[in-house]
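Architecture and fold: a report
Chain by chain, the residues:
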Amino acid sequence: SRRDPDYVPRALDTQALETARQAGSLPAQVQEVLEKLGQGSLAPAAFQIGSVIFANKPGDGSAREQAASCQRVLGGCANLCAEFATKRYRSNVVNWGMLPFQAAGVKDWNIQPGDQLWIPGVRAALEGDAETLNATLIQNGTEQAITLSLPNLTREERDIILSGCLINYYNAEA
């Protein structure tokens, strides 16, 4: 919130879009993005909407234990960075059921608040052993093909994310 004071309201707006999607409706702004991507006929149950935190090297502050949980409560679904500052923060992201994406060229993409990512095939990648996903970064109406990676994601970490969080993962085992 220090770097982006509008993060919380924007994350809550994104969370409201996801709530509408879960209820089976697609707000006009979501339908517009889907049509631009050639996905206009996609059923609401076929995808998820969430906010993404972008930082060059997240997870080095004293609040790293709380940061991932706060992001998830606000509807966060992923982190995108060049690298994680600590293994602990990356683990927190995974344990809260979010995707720990990395990308080599991310520093050059000039990602700004409000930019959008379309990442198809996430579930299949997690169910399998894919370490890279093709995605589309939408900035000011312009689309750019990008590659995201999930390096060194273990089978257990994949299952935690697929379960939604570590608590759900353990609950399913019980």
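Remarks on unusual backbone geometry
The phi dihedral of Asn110 is positive, around 50°, even though this residue is not glycine. For Asn110, the location among the structural elements is in the loop between strand E3 (99-102) and strand E4 (116-118). Of note, Asn152 is a non-glycine position whose phi angle comes to about 60°, a positive value. Positionally, Asn152 belongs in the loop between strand E6 (142-149) and helix H6 (155-163). Asn152 gets classed as exposed once you look at its relative accessible area, which sits at 64%.

So, the nonpolar core
Leu80, Leu99, Phe101, Trp109, Leu126, Leu148 and Leu150 are the most contacted members of the largest nonpolar core, which totals 23 residues. The set of elements that each furnish at least two residues to this core consists of strand E2 (76-81), E3, helix H5 (122-127), strand E5 (132-139), E6 and H6. Aside from chain neighbours lying at most four places away, what touches Leu126 is Leu99, Leu150, Leu153, Arg155, Arg158, Ile161 and Leu162. Counting 8 residues, the second-largest nonpolar core is a separate cluster that includes Leu17, Val30, Leu37 and Trp118.

Looking at the pairing of E5
Among the 8 residues of E5, 6 are classified as buried, and the element is accordingly described as predominantly covered. In this sheet, E5 lies alongside E4 in antiparallel orientation, the contact comprising 3 bridges. Bridge pairing links Leu117 to Leu137 in E5. Sheet topology note: the E5/E6 ladder contains 8 bridges and is antiparallel. Looking across to E6, one finds that Ala135 is bridged to Ile146. As consecutive antiparallel partners, E5 and E6 are separated by 2 residues, and within that stretch Asn140 has a phi angle of approximately 50°, a positive value.

What to know about the packing of H6 against helix H7 (residues 166-173)
Running from amino to carboxyl end, H6 crosses H7 at an angle of 100°, the nearest separation of the two axes being 7 Å. In this view, H6 runs roughly perpendicular relative to H7, as classed from their interaxial angle. Contacts between H6 and H7 involve Glu156, Asp159, Ile160 and Ser163 from the first element and Leu166, Asn168 and Tyr169 from the second. Class assignment of the residues belonging to the contact of H6 with H7 gives a composition of 3 nonpolar, 2 polar and 2 charged.

Things to note about the environment of Leu99
Residue position: Leu99 is located in strand E3. Judged by relative accessible area, Leu99 falls into the buried class, the value being 9%. Considered as a pair, Leu99 and Leu126 are 27 residues apart in the sequence and their alpha carbons are 9.7 Å apart.

Examining the state of the cysteines
Tallying each qualifying case throughout the model produces 0 disulfides. As a non-bridged cysteine, Cys77 has Cys81 as the owner of its nearest cysteine sulfur, 14 Å distant. By relative accessible area, which is 18% here, Cys77 ends up buried.

Rules behind the numbers
Residues numbered from 1 in each chain as written. Predicted model: local features only at pLDDT ≥ 70, side-chain atom pairs only at ≥ 80, totals over all residues. Heavy atoms only, no water. Helix = DSSP H or I, 4+ residues; strand = E, 2+ residues; numbered from the N terminus. Buried < 20%, exposed > 50% of the residue type's maximum accessible area, 1.4 Å probe, protein only. Core = buried A, V, L, I, M, F, W, Y, C linked by side-chain atoms within 4.5 Å. Contact = heavy atoms within 4.5 Å. Pairing = 2+ DSSP bridges. Axes fitted to C-alpha atoms, helices over the stretch in contact; angles between N-to-C directions. Parallel < 35°, antiparallel > 145°, perpendicular 65-115°, else oblique. Nonpolar A, V, L, I, M, F, W, Y, C, P; charged D, E, K, R; others polar. Disulfide = S-S within 2.5 Å.

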